[in-house]
Amino acid sequence: MDAKTCLEKLGYVGVLSFATVDRWGAPQVRCVSAVHYEPEALYFFTARGKDFCRELERDGRVQVMGYTKYKEMIRLSGRAEAVPETERTRWMDTIFSEQPYLANVYPGDTRHIGAIFCIRDFSTEYFNLGVKPIFRESWAVGNSRPRAKGYGITPDCIGCGRCRTACPQGAIDPGTPFRIRPENCLHCGACAEACPAGAVRPRGDDCHENAF
């Protein structure tokens, strides 16, 4: 699994959920299928008059979600930018050729009310709930810098093993300190609640480097 494969899987899903924030700070989610995939970029179409377009132009931050029939969650987080005018027709023609239904929605020259956006610098998260233990991984594409997530165990660990017993996925190995396998961590927080020493903390909160 890698970022390129994640984009390919999103293409198989077809209809993706796009999350943005409106001018009042409220979350907004749309289902979008007018999408074209490149190995390290995602292009999509929307009409210039839509709130969705204005939110992208004003802020640009967007999160894209796809879910496969195999219980795989793929999340892409980045910033969408309008493509230059000189490239707009090229990508619009590409998207309309790949999504024939769009010719019914925007017949003839009415397609030119559309705008094309590109997400190029992004982080991708893959989360598979269909295996035991669950599996997750993340990648950075371009200049993206994803934030660390999940939990780690600091040197304050006393080795009691309560975290390991509490973990629904058995993702914790004994050691000094105990270690959480990030690729199998559910991010549920059961280990943190069970730890009597307060040694389990969210990643990025000065956890021991070997915890990751």
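Structure first, text after, so check above.
Basis of the calculations
- Residues numbered from 1 in each chain as written.
- Predicted model: local features only at pLDDT ≥ 70, side-chain atom pairs only at ≥ 80, totals over all residues.
- Heavy atoms only, no water.
- Phe/Tyr/Trp six-rings, centres within 6.5 Å; stacked < 30°, edge-to-face > 60°.
- Helix = DSSP H or I, 4+ residues; strand = E, 2+ residues; numbered from the N terminus.
- Buried < 20%, exposed > 50% of the residue type's maximum accessible area, 1.4 Å probe, protein only.
- Lys NZ or Arg CZ within 6 Å of the ring centre and 35° of its normal.
- Pairing = 2+ DSSP bridges.
- Core = buried A, V, L, I, M, F, W, Y, C linked by side-chain atoms within 4.5 Å.
- Contact = heavy atoms within 4.5 Å.

Per the stated rule, a full pass over the model turns up eight aromatic pairs. When the ring of F44 is compared with that of F117, the centres are 5.8 Å apart and the planes differ by 20°; the resulting orientation is stacked. With F44 in strand β4 (residues 41-47) and F117 in strand β7 (residues 114-128), this pair connects stretches of sequence that are 73 residues apart. The exposure classification of F44 matches that of F117, with both residues buried. By way of ring pairs, the aromatic residues F18, F44, F52 and F117 are connected into one cluster. A cation over a ring is seen here: R111 above F96, with NZ or CZ 4.1 Å from the ring centre. Just above the ring of F127 sits the side chain of R136; from NZ or CZ to the centre is 4.1 Å.

Turning our attention to the pairing of strand β6 (residues 72-82). Here β6 lies mainly inside the structure; eight of its eleven residues are buried. Pairing analysis gives seven bridges linking strand β5 (residues 61-67) to β6, with the strands arranged antiparallel. Bridge assignment links M65 to a residue of β6, and that residue is R75. Taking the residues between adjacent antiparallel strands as the criterion, β5 and β6 are bridged by four residues, where K71 takes a positive phi near 65°. Here β6 runs beside β7; their pairing, made up of ten bridges, is antiparallel.

On to the nonpolar core. Note on soluble globular proteins: their nonpolar side chains tend to be buried together. Counting residues in each nonpolar core, the largest one holds 25 residues, and the members touching the most others are F18, L42, F44, L76 and I119. Of all elements in the fold, only α1 (3-13), β1 (16-21), β4, α2 (51-58), β5, β6, β7 and β8 (135-141) reach the threshold of two or more residues within this core. Sort the elements by how many residues they give to this core and β7 lands first, with five residues. In this structure, I119 is in contact with F18, E40, A41, L42, F44, V62, V64, L76, G78, R79 and A80, ignoring residues within four places of it in sequence. Grouped together as the second largest cluster of nonpolar side chains are 14 residues, W91, I95, Y106 and C118 included.

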